[in-house]
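Observations on the three-dimensional arrangement
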Amino acid sequence: MVKNLQSIRGVSSGKVYESLLNEISQKSSLYFILIDPDKANSNLTKLIRTATDCGVDGFFIGSSVLLSEKFEKCVKSVKQNTDRPVIIFPGSIYQISKFADAILFLSVLTSTNTEYIVGQQTLAAPIILNYGIEPISTAYLLIESGKTTSAVFISQSKPIPRDKPDIALAYALTAQFLGMKLIYFEAGSGADNSVPAEIIKYVKNFVKIPLVIGGGIRTPETAFEKSEAGADIIVTGNILEDTSEKNLKSLISDFVDAIHKNKK
């Protein structure tokens, strides 16, 4: 079966990941916006174009709970309105599209259910190969955020205590030793508290692969703190969804400036 799929589409070249590494080496930290297809509306095109003009480095697309049939349409729309990487951040096997540049091949290492560590991934792998999307192997690690987020509930995770950087490091090293390409520390959409800078700093001292930090980042000042601590990619989502159209461009620009402030 896999042999036939290879003859149809071939194996992805890894260009998106190499591009991310190159951008990180130049800018120190990158800023990605997470687009939730369930919340995307008629203003999506304007949001993507505005964010691109402001200097956003790329877009993630995904949802913990996909309640609509808008996923494919959302991916196509984002791709048509930006020249930045469009990467799927899948909440389930149903969130795969051939129109994306790449997909985070997520393994939820903090899950208590192997379905989210390797089960869903096994079902998705042949589809990803057939579509010719670049898979970026990613360890997804949930951090305690002050409440049970959708990501924690759906993935059946036991979050890492926010005051235990040694446990966070153990998971991060596991990801690195398994050959994963990214480590995504997530507090969860709408989290009360973001990933502590102390965890980011501690882990950064020992791991060599890029750290992605998301969840609960509501201000450019908080984003700058994560960047200074060692975050390679910083992700926001909810805060932009809750911002009026009038103030959106200003807020995105402030996030871009704060995250790129440590430019090498």
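Residues numbered from 1 in each chain as written. Predicted model: local features only at pLDDT ≥ 70, side-chain atom pairs only at ≥ 80, totals over all residues. Heavy atoms only, no water.

1. Structural notes on the environment of glycine 216
Applicable threshold: By the criteria applied, helices consist of DSSP H or I runs no shorter than four residues and strands consist of E runs no shorter than two, each listed in order from the N terminus. It only takes one pair of heavy atoms within 4.5 Å for two residues to be counted as in contact.
Considering the arrangement of structural elements, one finds glycine 216 in the loop between strand 7 (211–214) and helix 9 (220–229). It is 8.1 Å that separates the C-alpha atoms of glycine 216 and serine 145, two residues lying 71 residues apart in sequence. If we ignore the near neighbours within four places in the chain, the residues touching glycine 216 are Gly188, Ala191 and Ser194.

2. A look at the pairing of strand 8 (residues 233–236)
As a reminder of what qualifies: Partly exposed describes any residue whose relative accessible area lies between the buried limit of under 20% and the exposed limit of over 50%, with all areas from a 1.4 Å probe on protein chains only and scaled to the type maximum. Strands were regarded as paired on the criterion that DSSP finds at least two bridges between them. Handedness of a crossover is defined as follows: orient the strands so they point away from the viewer, and if the path from the first strand over the helix to the second runs clockwise, the crossover is right-handed.
Residue alternation in strand 8 divides its side chains into two sets, Ile233 and Val235 and Ile234 and Thr236, and both sets are buried. For strand 1 (residues 30–35) and strand 8, the ladder comprises four bridges, and the chain directions are parallel. Following the sheet pairing, tyrosine 31 is matched in strand 8 by isoleucine 234. In this structure, strand 7 lies alongside strand 8, joined through three bridges in parallel fashion. Within the sheet, the bridge partner assigned to valine 212 lies in strand 8 and is isoleucine 233. Assessed by its sense of winding, the connection that carries the chain from strand 7 through helix 9 to strand 8 is right-handed.

3. Considering the layout of surface pockets
Convention followed: Detection works on a 1 Å grid of protein atoms alone, calling trapped sets that fit a 1.4 Å probe cavities and calling open sets with protein on both sides within 12 Å along at least five of seven lines pockets, with lining residues defined by an atom within 4 Å of a point. Grid points are joined across faces, edges and corners, and a volume is the space filled by probe spheres set on the points. Residues are grouped as follows: Ala, Val, Leu, Ile, Met, Phe, Trp, Tyr, Cys and Pro are nonpolar; Asp, Glu, Lys and Arg are charged; every other residue, Gly included, is polar.
Looking at the largest pocket, its volume works out to about 910 Å³. In this structure, the largest pocket is lined by 50 residues; those nearest its centre are Ser63, Ser64, Phe89, Tyr140 and Ala151. When residues in the lining of the largest pocket are grouped by element, the largest group, five residues, is from strand 4 (residues 102–108). Counted by class, the lining of the largest pocket contains 23 nonpolar, 19 polar and eight charged residues. What the second largest pocket holds in volume is close to 400 Å³. Forming the boundary of the second largest pocket are 20 residues, of which Asn41, Asn43, Leu47, Leu240 and Leu248 lie nearest the centre. Every element with two or more residues in the lining of the second largest pocket is listed here: strand 1, helix 3 (44–54), helix 10 (238–241) and helix 11 (245–259). Classifying every residue of the lining of the second largest pocket by side-chain character gives eight nonpolar, six polar and six charged.

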